[in-house]
Amino acid sequence: GDYTLAVYGDAAAPSWRLIADDNRPPASSERAKMRLLHMAFGTDNTLTLVKDYVGVASNVAYGNASSYTQVTTATEARVEVTSPLSTTPLFLAEDVALPSRGVFTVFMLGGASTPTGVLRRER
């Protein structure tokens, strides 16, 4: 199998989770795949991943990953992660290239006071 090993939580007593991956590229050349991995310690609320103002993943709980969702390719996409407890995005990246058949994960890391988003291309 193909997995992501996520180690997260309090450094004194970390948790870990083995998360199944499906980072095979989409069949269509007009699509890419994205998911959200919520590992922002102390951010107990759920998070939502949005691409160009369209939901990609919603209600992703702490310590979990969303399923991959196919999205349209783009040369200048707006990618953001939001929380129902914040009026501003926790993560915002503009002008993101999402090429044909690419596979991406947005990792939300850090703590509740300074959550940090990292966008990684897997394929």
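Let me begin by describing the structure that accompanies this report.

Calculation rules
- Residues numbered from 1 in each chain as written.
- Predicted model: local features only at pLDDT ≥ 70, side-chain atom pairs only at ≥ 80, totals over all residues.
- Heavy atoms only, no water.
- Helix = DSSP H or I, 4+ residues; strand = E, 2+ residues; numbered from the N terminus.
- Buried < 20%, exposed > 50% of the residue type's maximum accessible area, 1.4 Å probe, protein only.
- Core = buried A, V, L, I, M, F, W, Y, C linked by side-chain atoms within 4.5 Å.
- Contact = heavy atoms within 4.5 Å.
- Salt bridge = Lys/Arg side-chain N within 4 Å of Asp/Glu carboxyl O.
- Phe/Tyr/Trp six-rings, centres within 6.5 Å; stacked < 30°, edge-to-face > 60°.
- Lys NZ or Arg CZ within 6 Å of the ring centre and 35° of its normal.
- Pairing = 2+ DSSP bridges.
- Axes fitted to C-alpha atoms, helices over the stretch in contact; angles between N-to-C directions.

## Some thoughts on unusual backbone geometry
For aspartate 52, which is not glycine, the phi torsion reads 50° and is therefore positive. Mapping aspartate 52 onto the fold places it in the loop between strand S4 (47-51) and strand S5 (54-60). For aspartate 52, a relative accessible area of 30% translates into the label partly exposed. We note that aspartate 95 has phi near 60°; this positive angle belongs to a residue other than glycine.

## Some thoughts on the nonpolar core
Residues Met34, Leu36, Leu49, Val81, Val106 and Met108 are the most contacted members of the largest nonpolar core, which totals 21 residues. Contributions of two or more residues to this core are made by strand S3 (31-38), S4, S5, strand S8 (74-82), strand S9 (91-98) and strand S10 (103-110). Apart from the residues lying within four places of it in its own chain, the contact partners of valine 81 are Leu36, Leu47, Thr48, Leu49, Pro89, Leu90, Phe91, Val106 and Met108. Ala6, Leu37, Met39 and Phe107 belong to the second-largest nonpolar core, a separate cluster that totals six residues.

## Description of the pattern of salt bridges
Side chains bearing opposite charge may pair, as long as their charged atoms lie close to each other. Under the counting rule described, the total for this entry stands at seven salt bridges. Measuring nitrogen to oxygen at the nearest pair gives 3.7 Å for the salt bridge that ties glutamate 122 to arginine 35. Taken together, the residues span a long stretch of sequence, with glutamate 122 in the segment after strand S11 (115-121) and arginine 35 in strand S3 at a distance of 87 residues. Across the salt bridge formed by aspartate 52 and lysine 51, the nearest N and O atoms sit 3.3 Å from each other. With a relative accessible area of 7%, lysine 51 lands in the buried category.

## With respect to the packing of aromatic side chains
Counting across every chain of the model gives one aromatic pair. Judged by centre distance (5.4 Å) and plane angle (85°), the ring pair of tyrosine 8 and tyrosine 62 falls under edge-to-face. Taken as a pair, tyrosine 8 in strand S1 (residues 3-8) and tyrosine 62 in the loop between S5 and strand S6 (64-65) lie far apart in primary sequence, 54 residues in all. Residue classification places tyrosine 62 among the partly exposed residues on the basis of a relative accessible area of 21%. When the ring centre of tyrosine 68 is taken as origin, the NZ or CZ atom of lysine 33, which lies over that ring, is 5.0 Å away.

## Points about the sheet that holds S5
Two modes of strand pairing occur in sheets, parallel and antiparallel, and in both the strands are linked by backbone hydrogen bonds. Across the sheet, which stays open at both edges, the four strands sit in the order S5-S4-S8-S9 with antiparallel pairing between neighbours. Because the sheet does not close on itself, it has two edges, and the strands there are S5 and S9. Between one strand axis and the next, the sheet turns through 15° on average, direction left out of account. As defined by bridge partners, S4 adjoins S8 across four bridges and the pair is classed as antiparallel. Each bridged residue has a counterpart across the sheet, and for lysine 51 the counterpart in S8 is valine 79.

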